[in-house]
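# Results of the structural survey
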Amino acid sequence: MNVLIIPTWYPNGKDMLMGVYHKEFCEALVKEKNLKVNMLFIERERLNNPIKYLFMKKDYIIEENGYKTYVKRMLNVERINFDFQMRQYVKTLEKAFKEYLKKNPKPDILHAEVTIPAGYATCILGKKYNIPVVVTEHATYYKDFFRAQNKKYTEFVLKNAYYTSVSKYMLEDLPDYVTKKKVIPNLVDTESFKLNRKKIKGLRIAKVCAFRKGKRIEDLLSALRILIDKYKIEDVLLTIVGDGYLKSFYEEKCHELNLEDYVKFVGRKSKEEIAQILNENNMFVITSTNETFCIPGIEALASGMPVVSTKCFGPEEYIDEKSGKLVEIGNIEEIASAIASVYQNIEEYDIKYLRDIADRYSAKNVTDMALEVYQELIRKDK
């Protein structure tokens, strides 16, 4: 089977985490299922420097681990005219696809990541070239796709693709006419996080996220202050892995709360380094407003630690009373109380149970789900 992945995001430029799971998914399809897989990515360059764009290389190929990513650049004029941008994206994708076919056989499946723009443009491509299309939704802002400006594009996708999402809750609000739908979660390399657990003294909290709006690291910092002052937990250390445009804001918040002795900002780390960091902590905390999935939460469970999370959708599908606690978004007191409760009962959390939850999202299990969808579409197409 020959599959072409068409993502909306790809880890390049300033944010090397954005869409990294698409790369891992491609690698897993090759490794776990022995499929022939490549990726076709339309890189949208911002309009802030059009002269620079004129001299940029418009097409290039990235040699990946077991597959290739074919990249074509275009200018992003979405802020000037959204509909014009969508038309240009569709044209650019088809042009890139024609060039792709000169070097590769026609795909059996087109699999787009995110409804707009990649999903919409891929559905048009699929209809024109008679290729079945799968679309997987990842975006936290996915409900925006159903609003007036985007609705015609989203409806076209829903009527012309097998629609999937990384979490069940994202499928619940779909129109009744959408019958081809399924959850294909983000896959997690769970085996890399199954290190021998160390005996940890004191409360050691880990958080892994990009420093973006909605992650609400400031809530965790405020909860940490309560843990120290109200719950008298002084042997505590919070290790925060990540980077982003809100870094200085979080560092200033840490200073305001006088937490410099209790918090470490360690920057971006590799998967192997994150696995070691998680192994040196005994709790993971998610404080987001909205998470469609939250891969680090699964990595934490795979490492054998319980998770305290806000009720931010995605994590609610894998956190229960035996794997951690769920709290209300923005409720600092409740976050602190939940952390204190989990810490007081830390020895009662069964590592095997935590890892069994994580293994639902292993490369093998997730690629099994994807392959079932691919095979169903190919059977119906014959």
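Report follows, based on the coordinates. Position labels on residues start from 1 in each chain and follow its written sequence. Since the coordinates come from a predicted model, pLDDT governs what is reported: local features require at least 70, and pairs of side-chain atoms require 80 or more to be given and counted, while whole-chain, interface and lining totals use all residues. Here the side-chain values reflect all heavy atoms present in the structure, with hydrogen atoms and water set aside.

## Section: the packing of aromatic side chains
Working definition: an aromatic ring pair is given by the centre-to-centre distance plus the angle between the planes. In this scheme Phe, Tyr and Trp rings, the latter by its six-membered ring, pair at centre separations within 6.5 Å, and the angle between planes marks the pair as stacked below 30 degrees, edge-to-face above 60, and tilted otherwise. This structure, assessed with the given rule, holds 16 aromatic pairs. With centroids separated by 5.1 Å and ring planes inclined at 90°, the aromatic side chains of tyrosine 70 and tyrosine 100 adopt a geometry described as edge-to-face. Taken together, the residues tyrosine 70 in strand S4 (residues 68-75) and tyrosine 100 in helix H3 (residues 82-101) connect sequence positions 30 residues apart. For the pair tyrosine 70 and tyrosine 100, a shared accessibility class is recorded, and that class is buried. Note on tyrosine 142 and tyrosine 169: the rings are 6.1 Å apart at their centroids and 75° apart in plane angle, and the pair reads as edge-to-face. A run of DSSP states H or I qualifies as a helix once it reaches four residues; a run of E qualifies as a strand once it reaches two. Both are numbered from the N-terminal end. Buried means the residue's accessible area, taken with a 1.4 Å probe over protein chains only, is under 20% of the maximum for its type, while exposed means over 50%, and partly exposed covers the values in between.

## Here's the deal with the pattern of salt bridges
Between Lys or Arg on one side and Asp or Glu on the other, a salt bridge is scored when a side-chain nitrogen of the former is within 4 Å of a carboxyl oxygen of the latter. Evaluation of the coordinates by the stated rule reveals 26 salt bridges. Put simply, glutamate 63 and lysine 68 hold a salt bridge, and the shortest N to O gap is 3.7 Å. Judged by its relative accessible area of 59%, glutamate 63 is exposed. Across the pair glutamate 280 and lysine 198 runs a salt bridge whose closest N-O atoms are separated by 3.8 Å. Of this pair, glutamate 280 sits in the loop between helix H8 (271-279) and strand S12 (283-286) while lysine 198 sits in the loop between strand S8 (181-183) and strand S9 (203-208), and the two are 82 residues apart along the sequence. One connected set of salt bridges, linked through shared partners, spans Lys33, Lys364 and Asp368.

## Considering the sheet that holds S9
Strand pairing in a sheet takes place through backbone hydrogen bonds and is either antiparallel or parallel in direction. A strand pair is defined by DSSP finding two or more bridges across the two strands. One open sheet accounts for 6 strands, arranged S11-S10-S9-S12-S13-S14; its pairing is parallel. The strands lining the two open edges of the sheet, one partner per strand, are strand S11 (263-267) and strand S14 (324-327). Neighbour-to-neighbour, the strand axes of the sheet open up by a mean angle of 20°, direction not taken into account. Where strand S10 (residues 236-241) meets S11, 4 bridges bridge the pair, whose relative direction is parallel. Within S11, the residue paired with threonine 239 across the bridge is lysine 264. Any two residues whose heavy atoms approach within 4.5 Å are treated as being in contact. Angles here are taken between N-to-C directions and fall from 0 to 180 degrees, while the axes themselves are lines fitted to C-alpha atoms, restricted in helices to the stretch in contact. Of the strands in this sheet, S9, S12, strand S13 (307-310) and S14 touch helix H10 (residues 332-344), which is tilted by about 170° from S14.

## Quick word on H8
Within H8, the full set of buried residues consists of Ile274, Ala275, Ile277, Leu278 and Asn279. Buried residues along H8 sit against S9, S10, S11, S12 and helix H9 (295-303).

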